[in-house]
Amino acid sequence: GTVRLDSRGGSITDAVAGVNITGGTVSLTAQAGGIETEVDASSQVSADASATLDQTITLASTTGDLRLGAITTSGNGTVNLTSTAGITQTSGQVVASTLNVTAPGSVGSATSLINTMVGTLNSSNPVGGLFVNETDGLVLGNVTSTAGVSVVAGGDVTGGANIDATGDANVEGSAVTLGTVAA
């Protein structure tokens, strides 16, 4: 089924550790705060904390892939995505100042990239690859992947941190200025 939570005056958080929001489609909206919860959505999860500037969205999947719809913050908002498997996207875009992703499996795929509009991207996925399509410019922070990195940006790509990809490393942008890149 569908789970829709709309907090009109505050945040959406787990009251008890280990309690999950489970549904086919999960839609979370915090109109005056952030979102921090464990979620298991067999179809997709969407989250919106953009009504108030500088909020944080933290979503964790405890079983299987974290399947994303639109994930939106505003101002200097941060999105933290964690999965026990991989991270996929069924629709929408991740919009944030900073996006942090952690998953042992792949984040996106070569044929289905994660669509973003973020300022800074940090990623740790020790087994899978990282596949991102950025709308405009992007700062790559620390990026670690054993199955390769593919980042395509509509603007400049910069970064002073490390990109460590055991597989191939493909970074495309209007201009690319990076620190250490190892593949």
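Residues numbered from 1 in each chain as written. Predicted model: local features only at pLDDT ≥ 70, side-chain atom pairs only at ≥ 80, totals over all residues. Heavy atoms only, no water.

S.K.: Tell me about the overall build of the protein chain, residues and numbers included.
M.R.: Secondary structure summary: the protein chain contains 0 helices and 18 strands in total. Taking 2.2 N^0.38 as the reference for a compact globule, 183 residues should give roughly 16 Å; the C-alpha atoms of the protein chain span a radius of gyration of 16 Å, in line with that estimate. C-alpha atoms of the protein chain, sized along the principal axes, occupy 45 × 30 × 25 Å. Taking all 183 residues of the protein chain together, the buried fraction comes to 43%. Within the protein chain, contacts between residues at least 6 apart in sequence are counted, and of these 11% link residues at least 24 apart. Of the roughly 7,600 Å² of accessible surface on the protein chain, 49% is carried by carbon and sulfur atoms. (Helix = DSSP H or I, 4+ residues; strand = E, 2+ residues; numbered from the N terminus. Rg over C-alpha atoms; globule rule 2.2 N^0.38 Å. Buried < 20%, exposed > 50% of the residue type's maximum accessible area, 1.4 Å probe, protein only. Contact = heavy atoms within 4.5 Å. Areas by Shrake-Rupley, 256 points an atom, 1.4 Å probe, with all protein chains shown as cover.)

S.K.: Before we move on, could you go through the environment of A183 and cite the residues and values that matter?
M.R.: With respect to the helices and strands, the residue A183 is situated in the segment after strand 18 (181–182). The exposed category is assigned to A183, whose relative accessible area is 67%. Expressed as a C-alpha distance, the spacing of A183 and A147, which sit 36 residues apart in the sequence, is 9.5 Å. Dropping the residues within four chain positions of it, A183 is found in contact with A165, T166, G167, D168 and A169.

S.K.: An account of unusual backbone geometry is needed here, citing residue identities and associated values.
M.R.: The backbone phi angle of D54 is positive, close to 65 degrees, even though this residue is not glycine. Here D54 shows up in the loop between strand 4 (35–48) and strand 5 (56–61). Taking relative accessible area as the criterion, D54 reaches 43% and is therefore assigned partly exposed.

S.K.: So, the pattern of salt bridges: which residues are in play, and what are the values?
M.R.: The tally for this structure, following the rule as stated, stands at 1 salt bridge. For the salt bridge of R4 with D6, the shortest nitrogen-to-oxygen distance reads 3.3 Å. Assessed through its relative accessible area of 27%, D6 is described here as partly exposed. (Salt bridge = Lys/Arg side-chain N within 4 Å of Asp/Glu carboxyl O.)

S.K.: Tell me about the side chain of Q55, and name the residues and values.
M.R.: Tracing the backbone through its elements, the reader meets Q55 in the loop between strand 4 and strand 5. Contacts of Q55, omitting those with residues within four sequence positions, involve G33, G34, A49, T73, S74, G77 and T78.

S.K.: So what's going on with the nonpolar core? Residues and values would help.
M.R.: Side chains that are nonpolar tend, in soluble globular proteins, to be buried together. Judged by nonpolar contacts, the single largest core of 41 residues is most densely connected at L28, I35, V45, L59, L81, I87 and L140. Among all residues touching L59, those that are not within four sequence positions of it are L28, I35, T37, V39, V45, A47, L66, I71, N80, L81 and T82. (Core = buried A, V, L, I, M, F, W, Y, C linked by side-chain atoms within 4.5 Å.)

S.K.: Just give me the short version of the pairing of strand 13 (residues 149–153), but keep the residues and values in it.
M.R.: Put simply, side chains in a regular strand alternate between the two faces of the sheet. Counting buried positions along strand 13 yields 4 of 5 residues, so the element is predominantly enclosed. Bridging between strand 11 (residues 130–134) and strand 13 involves 5 bridges; their strand directions are parallel. Within strand 13, the position partnered with F131 by the bridge is S150. When strand 13 meets strand 16 (residues 169–172), the two strands line up parallel, connected through 4 bridges. Looking at the pairing, V152 lines up with E172 of strand 16. (Pairing = 2+ DSSP bridges.)

S.K.: Requested: an account of the environment of V127, with residues and values cited.
M.R.: Within the fold, V127 resides in the loop between strand 10 (114–125) and strand 11. In this structure, V127 is in contact with P104, T146 and A147, ignoring residues within four places of it in sequence.

S.K.: So, the environment of G173: which residues are in play, and what are the values?
M.R.: Mapped onto the elements of the fold, G173 is located in the loop between strand 16 and strand 17 (176–178). On a C-alpha basis, the gap between G173 and S61 in space is 31 Å, while along the polypeptide they are 112 residues apart.

S.K.: A description of the confidence of the model for the protein chain should follow, citing residues and the corresponding values.
M.R.: Mean pLDDT for the protein chain: 92, with 98% of residues reaching 70 or above. Within the protein chain, the lowest mean pLDDT, 78, falls on strand 18, and the highest, 97, falls on strand 9 (residues 94–102). (pLDDT = per-residue confidence, 0-100.)

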